[in-house]
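Given next are the chains, with one letter for each unit.
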Amino acid sequence: MAPVTQRNVHFGNPILGVSWSTPGPYYQELHPTSAQPLPQTLATDSRRNVRRAAGTLGTEAALFVPTATMANLIAVMCHCQQRGTQLFLGQNAHLHLYEHGGAAQVAGVHSQALPDLPDGTFDLDQLELTIREAHGSRYHPRPQLICLENTHSSAGGRVLPLTYLRQVRELADHYGLQVHMDGARLMNAAVAQGVEPAQIAQHCDSVSLCFSKALC
């Protein structure tokens, strides 16, 4: 049997998965009388929009994909390249409940779900304890990734505090983990906090952003 060569995939630091589920009214407004075929026009829009998105969030690069679910899955697979690794997230996170279990069935990544607090965060002391238990065990999956959702849909659209994001970043750095943000509604969070989107994204290694949430 031929040896298997692992291939590292890197889309810039941080990674940005930008999704646009359907053309919808935003596309019609931009191109009310466009004579170009739809796929060609969308391709032109995509190149322009990913450059703008990367600039807005202060990322090195951006990748346009059809859905936010796909963007989140790509980020998980980039960070957790070895099957059987572990990610931490809230038990009511969209990535955990509403994305077809892709992290497990496609990426082979185990999700350790933590109780969500009413404000959309999870207890960082409990997170650290869970990470330490996994690091000290021969049987636990290897911790690799922390996933956040901002704003947090199941918590009523709560915005994650910037102080909390800094604390998660420090915890991740201490234990050698990466941080991914499901930022489908990140622009809502930026408006609510009165900050530039890059001030939120800077705490993460990867961010997904959905064009159909508050942008069209």
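Heads up: these notes are all about the structure in this document. (Residues numbered from 1 in each chain as written. Predicted model: local features only at pLDDT ≥ 70, side-chain atom pairs only at ≥ 80, totals over all residues. Heavy atoms only, no water.)

## Looking at the overall build of the chain
Within the chain, the secondary structure is distributed over nine helices and seven strands. Taken across its 216 residues, the chain has 44% of its residues classed as buried. Within the structure as shown, the chain displays about 11300 Å² of accessible surface, and the carbon and sulfur contribution to it stands at 52%. (Helix = DSSP H or I, 4+ residues; strand = E, 2+ residues; numbered from the N terminus. Buried < 20%, exposed > 50% of the residue type's maximum accessible area, 1.4 Å probe, protein only. Areas by Shrake-Rupley, 256 points an atom, 1.4 Å probe, with all protein chains shown as cover.)

## Remarks on the pattern of salt bridges
Per the counting criterion, the structure on display carries two salt bridges. One salt bridge in this structure joins Asp173 and Arg169, with 3.0 Å as the shortest N-O distance. With Asp173 and Arg169 both in helix H7 (residues 162-175) and four residues apart, this pair spans about one turn of that helix. Looking at Arg169, the relative accessible area reads 14%, which means it is buried. One salt bridge connects Arg169 with Asp205, and the closest N-O pair in it is separated by 2.9 Å. You can see Arg169 sitting in helix H7 and its partner Asp205 sitting in the loop between helix H9 (197-201) and strand S7 (206-210), a full 36 residues away along the chain. Side by side, Arg169 and Asp205 carry an identical accessibility label, which is buried. Each of Arg169, Asp173 and Asp205 takes part in a single network of salt bridges with overlapping partners. (Salt bridge = Lys/Arg side-chain N within 4 Å of Asp/Glu carboxyl O.)

## As for the nonpolar core
Ranked by size, the top nonpolar core spans 31 residues in total, and within it Leu127, Ile131, Ile146, Leu148, Tyr164 and Ile200 carry the most contacts. Listing elements by their share of this core, those giving two or more residues are helix H2 (38-57), helix H6 (124-135), strand S5 (142-149), H7, strand S6 (178-182), helix H8 (186-193), H9 and S7. For Ile146, the residues in contact, after removing those within four places along its chain, are Phe88, Phe122, Leu127, Ile131, Val168, Ala172, Leu177, Gln178, Val179 and His180. Of all hydrophobic cores here, the second largest spans 11 residues; its members include Cys80, Leu95, Ala107 and Cys147. (Core = buried A, V, L, I, M, F, W, Y, C linked by side-chain atoms within 4.5 Å. Contact = heavy atoms within 4.5 Å.)

## A few points about the side chain of Asp182
With respect to the helices and strands, Asp182 occurs in strand S6. Of the side chains with opposite charge, Arg185 comes closest to the buried, unpaired Asp182, at an N-O distance of 6.3 Å. Ignoring sequence-local partners within four residues, the contact set of Asp182 consists of Asn72, His94, Leu95, Glu99, Leu148, Glu149, Asn150 and Ser208. (Lys, Arg positive; Asp, Glu negative; His and termini not counted.)

## Quick look at the environment of Glu128
Among the secondary structure elements, Glu128 is positioned in helix H6. Judged by its relative accessible area of 24%, Glu128 is partly exposed. Placed 44 residues apart in sequence, Glu128 and Ala172 show a C-alpha to C-alpha distance of 9.1 Å. Not counting chain neighbours up to four residues away, the residues in contact with Glu128 comprise Leu171 and Tyr175. A polar contact is formed between the side chain of Glu128 and the side chain of Tyr175, at a distance of 2.7 Å. (Polar contact = N/O pair within 3.5 Å; in protein donor to acceptor, adjacent residues only side chain to side chain.)

## Points about helix H3 (residues 68-79)
The terminal C-alpha atoms of H3, which comprises 12 residues, lie 17 Å apart, in line with the 16 Å expected from a rise of 1.5 Å per residue. For H3, the full list of buried residues reads Ala68, Ala71, Asn72, Ala75, Val76, Cys78 and His79. The buried side chains of H3 occupy one side of the element, clustering within an arc of 165° when seen end-on. (Expected span 1.5 Å × (residues − 1). Arc of directions from axis to C-beta.)

## Digging into the packing of aromatic side chains
Two aromatic rings, taken as a pair, are described by how far apart their centres are and by the angle between their planes. Evaluation of the coordinates by the stated rule reveals two aromatic pairs. A centroid spacing of 6.5 Å and a plane angle of 40° characterise the contact between Phe64 and Phe211, whose relative ring orientation is tilted. A residue pair is termed long-range when its members are at least 10 positions apart, and Phe64 in strand S2 (residues 63-65) and Phe211 in the segment after S7 qualify at 147 residues. Classification of Phe211 as buried rests on a relative accessible area of 9%. A ring pair is formed by Phe122 and Tyr164, whose centres lie 6.4 Å apart and whose planes are at 80°; its orientation type is edge-to-face. Within this pair, whereas Phe122 is found in the loop between strand S4 (110-114) and H6, its partner Tyr164 is found in helix H7, the two being separated by 42 residues in sequence. (Phe/Tyr/Trp six-rings, centres within 6.5 Å; stacked < 30°, edge-to-face > 60°.)

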